[in-house]
Amino acid sequence: KHPRRRQRKPTISLQSPPPFSPKPTDGVSSKFEKEATISNDAESDSISTNTSNGKDLHSSDEMDLAPSKTALFGLSVIFHAVSNATFCHLLLTALLHPLSPEASGGLVIICPPQITLPVEAVEGKVAVAPDDVQIEIRMEENQTRLSKRNEDFQQIVPVYNFGTKPESVSGVKEEKESNNDDATNTCIFILAPALVDMLRNHTGLAISDKASNFTGGKSSSTRPNPYRNILISAIKGSEEMVSLQSLAVAAVQSALLSVDKSVFKRILFASKQIDESSDIDECVAETVRSLCQSVVNKSVTYDGWWKVKFNAAAARTLMDIVSSDFDSLRFVNDIMTDIREEAAEYLMTLPSQIDAKSRQGDSPNNSSHSKEHLDSWLLDRFYFDQPDKSTNSAVESVCYLKEEAKDGDSKVQYRYGLQVLSTISVMKSTDILCESSRVVENMLVSESSGNTPFHCAASWAVACLYLDAFCIKIAKLKASFEDKSENCLSPQRQLSYISASPSDDALESDLSMSLAHLSSKFAIAMLDEVESSETGKGDAPTHGSVVGLIGKAAFPCVCEVSSSFSYLFTGRSSVLSEGIQWQSLYLLVVGKWAVLAEPERGGTGGEGRVITSCRLSCLALRRDTSSQANNNSPARRLLVAHASLDPHLPALFSLDASSSRRSNSRRGPSLGPDGLRLTRSRMDLWFEDSNAAGHAYKVLSSKIAKARAKRGGNIKAALLAR
């Protein structure tokens, strides 16, 4: 018998359909579109798919990506390092122009060299008499002067000047070298003549008759540029090109920063007709659409959860290209708004997915939180909880900004925002080149770490923050065009970090362009901890005030009190044991606040004296299982964690040492004093036995979940706001 062929085993079972994908139209929504598999055969490592077309695709492990990555990295370095504008223009034409010269059969310019030129006298004139004409060796310096004066095109887009033969200069009659008056008589020598012809005749520029005489009114035959198609596909992340997306963005951005933006746009959008009445054409639309799609980079983990990352470098490239053109800016505004809404809608689906995954095998009713609050509670956690101890929470990506007018007359406004635009250095391009990547079924695969579902959900929360701020910036730029009679971009107010000093004026404009503030609705929903309290009902109970214990769920407990907090107590209900002061307290909920109160009159009066209070939405509660091991005492402990934007700790809480030690090494933006940081603290509460601790945990955790669900509901409403 032949040995049985081993069956393919699934490598990735997607938890949901790929985001930012067309919605299925076949009515089948219960099954996901794909399940990526890798063969275990020794003969091959091919990828198969369960899609209807049955087409076999390939993973990047079977493709040698080194040449493509090296080429993109090389282009990035070239544009960073080369300062010759002519060379950059011709290279850009070869890479990004919609058309390219035919590989064969094109126009060939051949002419004997001319090595001398008449010497220019004062005011650019030469002697009229032929005997008085002085000759000098032809060099690029003197040729540039002649070319720019006699050819209008050179004043717009400099090309290789050393070779363009000027017309007759100041009445000096030049002999024709041949009887025909074609292109061979109007050029002596030029670098890449076919590319120069592409620049001069296929960029939508109004070329003068003098410039068109360069080719005698002729132009070389063209074809669609294959290099541009490949590069745009890599930027878009199409199919297996997804593994080249970051390097392609780096290459295009370095090219954009190396030349004048107007020249770059004329080359990239060469097919656009210069007509005020015409809308954006299809070539421009497809290019802009690809640039927009490069702003959000998605990947999938091996256990099937989708991650996303906002690409600030791609956003900078997009903005530099479209910021001075109203039609393109309006088109980008529509696309990015759709992407922002689609990202928000996908984020809304993650709570139910994660809950269903965590309760696999449990009964449907075995949930610690009601369905009513579950989605909003988890959404709040995506923004405020750390995915792991070494990673910042989503909200800590936000920074403090100040917005002020250029003239300084109006008041400064303080806002929450992010840096949505950035540039890629050569060093960063090197890091991207060295990154290992794998593509399965045209999906970029990222390594899993820690709590994978929560990590992925937090990545979507961060991306929605960036997309919200980026869309606000685009909308403001669009409005600046609509508010002005002339199409010139001149923002009236500038953003900067709150720590920026007057000495930073040199970088003020570029910094202001890279920053964007969050929408007011989103910022208030997520970060405004001080809710409206015009009636005073929302105020926190103050220290020393009296609260009633009768009719409320008040849980007796004990906590350790350090000497720094001993002044808060009357001392009537404290015990000193082995040098440690233990204080009897009642834990109860008053409105939106968790309160710890000292018993009044030895606990017989039905009232308590407030010692400290903190917002329920800032708390997290956890049972301490370690206290049950090797412990003969029935007492049980609850671990209470507090996280707030307020840098001041609540009374009785101590700074979370493990959190503060890792604060400088966490993954995430390093914003220093300008970045939001949650101050994390903790305290231990001891209860009489496990029943008392369990009852307190159940009641308080439910109150905390509802409070956080309310904030999560506000965040949800802000995310889905049109």
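This text follows the structure it describes.
All residue numbers here refer to positions counted from 1 along the written sequence of the relevant chain. Residue-level local features of this predicted model are given only where pLDDT is at least 70; pairs of side-chain atoms are given and counted only at 80 or more, and the full residue set underlies all totals for whole chains, interfaces and linings. Water and hydrogen atoms were dropped before computing side-chain values, which therefore reflect all heavy atoms in the structure.

### Side note on the pattern of salt bridges
Thought 1: Salt bridge, as used here: a side-chain nitrogen of Lys or Arg that lies within 4 Å of a carboxyl oxygen of Asp or Glu. The full count for this structure, using the stated rule, is 16 salt bridges.
Thought 2: Glu-286 serves as the salt-bridge partner of Arg-289, at 3.0 Å between the closest nitrogen and oxygen. With Arg-289 and Glu-286 both in helix α10 (residues 282-293), this residue pair falls three residues apart, about one helical turn.
Thought 3: Burial classes: relative accessible area under 20% of the type maximum marks a residue as buried, over 50% as exposed, and values in between as partly exposed (1.4 Å probe, protein chains only). On the accessibility criterion, Arg-289 (28% relative accessible area) is partly exposed. Starting at the N terminus, helices and strands are each numbered in turn, a helix being any DSSP run of H or I of at least four residues and a strand any DSSP run of E of at least two.

### Observations regarding the side chain of Ser-16
Thought 1: The residue Ser-16 is located in the loop between β1 (9-13) and β2 (35-38) in this model.
Thought 2: Of the residues examined, Ser-16 reaches a relative accessible area of 4% and is grouped as buried.
Thought 3: Think of a polar contact as two N or O atoms within 3.5 Å of one another; within protein, one of them needs to be a possible hydrogen donor and the other a possible acceptor, and neighboring residues in sequence only count if both atoms come from side chains. A distance of 2.6 Å separates polar atoms of two side chains, one belonging to Ser-16 and the other to Tyr-346.

### Remarks on the packing of helix α17 (residues 520-527) against helix α19 (residues 690-719)
Thought 1: The interhelical angle for the contact between α17 and α19, taken along N-to-C directions, is 165°, at an axis separation of 8 Å. The angle between α17 and α19 places the two elements in the roughly antiparallel class. Helix-helix and strand crossings are classified by hand; for α17 and α19 the assignment is left-handed. Two secondary-structure elements touch here, α17 through Lys-521, Phe-522, Ala-525 and Met-526 and α19 through Arg-711, Asn-714, Ile-715, Ala-718 and Leu-719.
Thought 2: Under the scheme applied here, ten amino acids are nonpolar (Ala, Val, Leu, Ile, Met, Phe, Trp, Tyr, Cys and Pro), four are charged (Asp, Glu, Lys and Arg), and all others, including Gly, are polar. Residue composition of the contact of α17 with α19, by class: six nonpolar, one polar and two charged. Only C-alpha atoms enter the line fits that serve as axes; for helices the fit covers just the stretch in contact. Angles between N-to-C directions range over 0 to 180 degrees. In this scheme, roughly parallel covers angles under 35 degrees and roughly antiparallel covers those over 145, while 65 to 115 is roughly perpendicular and the rest are oblique. Throughout, a crossing is termed right-handed when the near helix is turned clockwise from the far one, and left-handed when it is turned anticlockwise from it by less than a right angle. Residues are treated as being in contact if the distance between any of their heavy atoms lies within 4.5 Å.

### Thoughts on empty space enclosed by the protein
Thought 1: Only protein atoms enter the 1 Å grid, on which a cavity is a set of points fitting a 1.4 Å probe that cannot get out and a pocket is an open set with protein on both sides within 12 Å along at least 5 of 7 lines, lining residues being those with an atom within 4 Å of a point. Grid points are joined across faces, edges and corners, and a volume is the space filled by probe spheres set on the points. Counted according to the given criterion, the structure contains six cavities of 30 Å³ or more.
Thought 2: Estimates place the volume of the largest cavity at around 80 Å³.
Thought 3: When residues of the lining of the largest cavity are traced back to their parent elements, those giving at least two are β20 (593-599), β21 (607-615) and β25 (679-687).

### A few points about unusual backbone geometry
Thought 1: Of note in the backbone geometry, Leu-652 takes a positive phi value of approximately 80° without being a glycine.
Thought 2: When you line up the elements, Leu-652 lands in the loop between β23 (636-644) and β24 (654-655).

### Regarding the nonpolar core
Thought 1: Residues belong to a common nonpolar core when they are buried Ala, Val, Leu, Ile, Met, Phe, Trp, Tyr or Cys residues joined through side-chain atoms within 4.5 Å. Core analysis: the largest hydrophobic core is formed by 117 residues, its most contacted members being Phe-264, Met-336, Leu-347, Phe-382, Tyr-383, Phe-470 and Met-526.
Thought 2: Here this core gets 16 residues from one element, more than from any other, and that element is helix α15 (residues 452-482).
Thought 3: Grouped together as the second largest cluster of nonpolar side chains are 28 residues, Cys-559, Ala-594, Met-683 and Leu-700 included.

### Concerning a nonpolar patch on the surface
Thought 1: Think of a patch as exposed residues, more than 30% relative accessible area, with no salt bridge, where like charges cluster within 9 Å and nonpolar side chains (Val, Leu, Ile, Met, Phe, Trp, Tyr) cluster within 5 Å. All accessibility values rest on the Shrake-Rupley procedure with a 1.4 Å probe; residue burial counts only the protein chains present in the view. Together, Val-412, Tyr-414 and Ile-498 make up an exposed nonpolar region whose accessible area comes to about 290 Å².
Thought 2: Tracing the chain through its elements places Tyr-414 in strand β11 (residues 413-419).

### Looking at the sheet that holds strand β9 (residues 306-310)
Thought 1: An order of β9-β8-β13-β12 is seen for the four strands of this open sheet, with the pairing classed as mixed. The open sheet has two free edges, formed respectively by β9 and β12 (438-440), since each of these has just one partner strand. When strand polarity is set aside, the average angle formed by the axes of neighbouring strands in this sheet is 50°.
Thought 2: At least two bridges found by DSSP between two strands is the condition for calling them paired. Of the pairings in the sheet, the one linking strand β8 (residues 296-301) to β9 comprises five bridges and is antiparallel in character. Opposite Asn-297, over in β9, you have Lys-309 as the bridge partner.
Thought 3: Seen against the sheet, α15 touches β8 and β9 and runs at an angle of roughly 30° to β9.

### Describing the packing of helix α2 (residues 85-96) against helix α7 (residues 226-236)
Thought 1: Packing of α2 against α7 brings their axes to within 5 Å, and their N-to-C directions diverge by 75°. Classified by the interaxial angle, the pair formed by α2 and α7 is roughly perpendicular. Of the residues in α7, those touching α2 at Ala-94, Leu-95 and Leu-96 are Tyr-227, Arg-228 and Leu-231.
Thought 2: Partitioning the contact of α2 with α7 into residue classes produces five nonpolar, no polar and one charged.

### Things to note about the pairing of β20
Thought 1: Counting buried positions over the seven residues of β20 gives seven, a clear majority of the element.
Thought 2: Strand direction decides the pairing type here: strand β19 (residues 580-590) and β20, joined by five bridges, are antiparallel. Paired with Leu-588 across the bridge in β20 is Val-595.
Thought 3: Hairpin remark: β19 followed by β20, antiparallel, with two residues in the connecting loop; positive phi at Gly-591, about 65°.
Thought 4: Note: β20 against β21, seven bridges, orientation antiparallel. From the neighbouring strand, Val-595 faces β21, where its bridge partner is Ser-613.

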